[in-house]
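Read off the chains here:
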Amino acid sequence: MAPFDLDACIQQLLRKQLLHEVLLREICEKTKEVLMRESNVVHISAPVTVVGDIHGQFYDLIEIFRIGGYAPNTNYLFLGDYVDRGLFSVETISLLTCLKLRYPDRIQLIRGNHESRAVTQTYGFYTECVRKYGSSHVWTYFTDMFDFLTLSVVIDDRIFCRMSVGLSPSIHSIDQIKVVDRFREIPHEGPMADLVWSDPDPEKEDFAISPRYGYFGRPVNLMVLTRNRGAGYTFGSGVVYKFLDENNMSHILRAHQLCMEGYSSLFDKHLSTVWSAPNYCYRCGNSASILEVGPGGSMYFNVFEAAPENERDGPSQQAAQSAGGKLPEYFL
C-alpha cells in the first residue's frame, strides 16, 4: 500500500466522514507499532488536558477540542472508554487513533474497560462496525490495537492516572503495574481486570467485591463479569491513602463513573473523577468536564454541556433512518 496522508485522514474524520477499511487496517497496524514502544506506565509532564469517558459521542469529542484546543497545540491524556453506547464509536476511535499516530508524544490513550472484545460485542461497537462497513473486519483491527494501549499514566511524578484508578489487592506499587502483561484481551479477573474495573467507595476503608450492577442499575450476567460492573473491586479511603503514600503520589485521577456535575472529588480531594460524555447516552442530562493540569500542579475542571450538533444528528434522526425506526437494544 502506498504511504497515506495522515493529515488528510484527520481532516476527513473531523468532518465525520469514514475512512476506507483498507486505510484503517494500515493505520491500526502503524499505531500498534507506536503503542508497543510505550511502557505500561507512561510518564508525562504538564500542561496536559485530561479527558474522561467519551463513549462514541463524536460531536462531544469535537466540542472538547473546541474548548481545550486542537492537537498539536494542546497535550491530551484520554483515560479510556472511547467506544460503545454512543452513535459514532467508529468515527470517534478512528479520529483518536489517527491523532495518536500523528502526534504520539502529545496524545496519550489509556485502555478502558470498553476497549475489549467481550464488552464491545455487547454494547454497540461491534454492531456499529458491521453496519457501517458490512463486515467485522474494522472491529477486529481496532480491538487488536486495543491490546497494545497503555494501562496508566503519571503526570509530573505526582498524579497517578487510570481509567478506573488501578487499585487492586494484587497491586501495591506502580512498579507492579509495569510488569503486567497487557498485550492481550482484558481477562475476567486478576490485576489487569482490576486496573480497568475497580471503583472507589466513600463509605469503605478497604477493598470489597464490586456489586454486580450496571450503569443504570441493571443486574449483570454473572457468567460474563466484564460486561459491566461485577468485575474488579470497590475500595475506600484507607486503600487510597496507602497507595499514594507508598508510591510518593499526591493525587489519583480517573474516569469510569458517570458524574452529573461532570466531575467529582473524594477522600479530601486526593481522588478525582473526570467524566467527558455530556448528556450520557443522549438521555442522562449530565454535564461533562475536561481537567486542565498546569505545570505548577494546578487542576481546573472545565465544565461543558452537550454539543449542539447532537440535536440535528442524534438518536431521533438515527432511529428514523434505521429499518425498524428505533435504536438498538444496547443503546436503550
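Conventions adopted
- Residues numbered from 1 in each chain as written.
- Predicted model: local features only at pLDDT ≥ 70, side-chain atom pairs only at ≥ 80, totals over all residues.
- Heavy atoms only, no water.
- Helix = DSSP H or I, 4+ residues; strand = E, 2+ residues; numbered from the N terminus.
- Buried < 20%, exposed > 50% of the residue type's maximum accessible area, 1.4 Å probe, protein only.
- Contact = heavy atoms within 4.5 Å.
- Areas by Shrake-Rupley, 256 points an atom, 1.4 Å probe, with all protein chains shown as cover.
- Salt bridge = Lys/Arg side-chain N within 4 Å of Asp/Glu carboxyl O.
- UniProt positions renumbered as here; feature names shortened; annotations may be inferred.
- Pairing = 2+ DSSP bridges.
- Axes fitted to C-alpha atoms, helices over the stretch in contact; angles between N-to-C directions.

Engineer: Give a description of the overall build of the protein that names residues and reports values.
Structural biologist: Per the secondary structure count, the protein includes 11 helices and 14 strands. A buried classification covers 59% of the 332 residues belonging to the protein. For the protein, restricting intrachain contacts to residue pairs at least 6 apart in sequence, the fraction spanning at least 24 positions comes to 75%. Of the roughly 13300 Å² of accessible surface on the protein, 50% is carried by carbon and sulfur atoms.

Engineer: Can you break down the pattern of salt bridges residue by residue, with the values?
Structural biologist: Counted by the stated rule, this structure contains 17 salt bridges. The residue Lys-32 makes a salt bridge to Glu-29 at a minimum N-O spacing of 3.2 Å. Placement of the pair is Lys-32 and Glu-29 together in helix α2 (residues 21-36), with a separation of 3 residues, close to one helical turn. Residue Glu-29 is classed as partly exposed on the basis of its relative accessible area, which comes to 39%. In this structure, Arg-117 engages Asp-144 in a salt bridge whose closest nitrogen and oxygen atoms are separated by 2.9 Å. With Arg-117 in helix α5 (residues 117-120) and Asp-144 in helix α7 (residues 137-146), the pair connects residues that are 27 residues apart, well separated along the chain. Each of Arg-111, Arg-117, Asp-144, Asp-147 and Glu-185 takes part in salt bridges that share partners, so that together they form one network.

Engineer: Tell me what's going on with the UniProt feature "domain: Serine/threonine specific protein phosphatases" (unreviewed entry) in the protein, and back it up with residues and numbers.
Structural biologist: UniProt annotation of "domain: Serine/threonine specific protein phosphatases" (unreviewed entry) refers to residues 110-115 when read in the numbering used here. Within residues 110-115, the helical portion is 0% and the strand portion 0%, while the C-alpha atoms at the span's ends are 9 Å from each other.

Engineer: Can you tell me about the pairing of strand β13 (residues 288-293), naming the residues and giving the values?
Structural biologist: Taking burial as the measure, the 6 residues of β13 include 5 buried ones, the bulk of the element. Across 4 bridges, strand β2 (residues 48-51) lies against β13 in antiparallel orientation. In the strand pairing of β13, Thr-49 is matched with Glu-292. Of the pairings in the sheet, the one linking β13 to strand β14 (residues 299-304) comprises 6 bridges and is antiparallel in character. The residue bridging Ile-290 from the neighbouring strand is Asn-302, located in β14. Counted along the chain from β13 to the antiparallel partner β14, the turn is 5 residues long, and its residue Gly-297 has a positive phi close to 95°.

Engineer: So what about the sheet that holds strand β9 (residues 233-235)? Which residues, and what values?
Structural biologist: Read from one edge of the open sheet, 3 strands run β7-β9-β8, paired in mixed fashion. With partners counted over all chains shown, the strands left at the sheet margins are β7 (199-200) and β8 (208-209), one partner each. Across 2 bridges, β8 lies against β9 in antiparallel orientation. Bridging across to β9, Ala-208 finds its partner in Thr-234.

Engineer: Just give me the short version of the sheet that holds strand β1 (residues 41-44), but keep the residues and values in it.
Structural biologist: Here 6 strands make up an open sheet; going across it, the order is β1-β5-β6-β10-β12-β11 and the pairing mixed. Where the open sheet ends on each side, the last strands, each with one partner, are β1 and β11 (263-266). Taken pair by pair, the neighbouring strands of this sheet meet at an average axis angle of 20°, ignoring direction. Note: strand β10 (residues 251-254) against strand β12 (residues 271-274), 3 bridges, orientation parallel. Looking across to β12, one finds that Ile-252 is bridged to Leu-271. Helix α10 (residues 237-246) rests against β6 (159-161), β10 and β12 of the sheet, and its axis sits at about 115° to β10.

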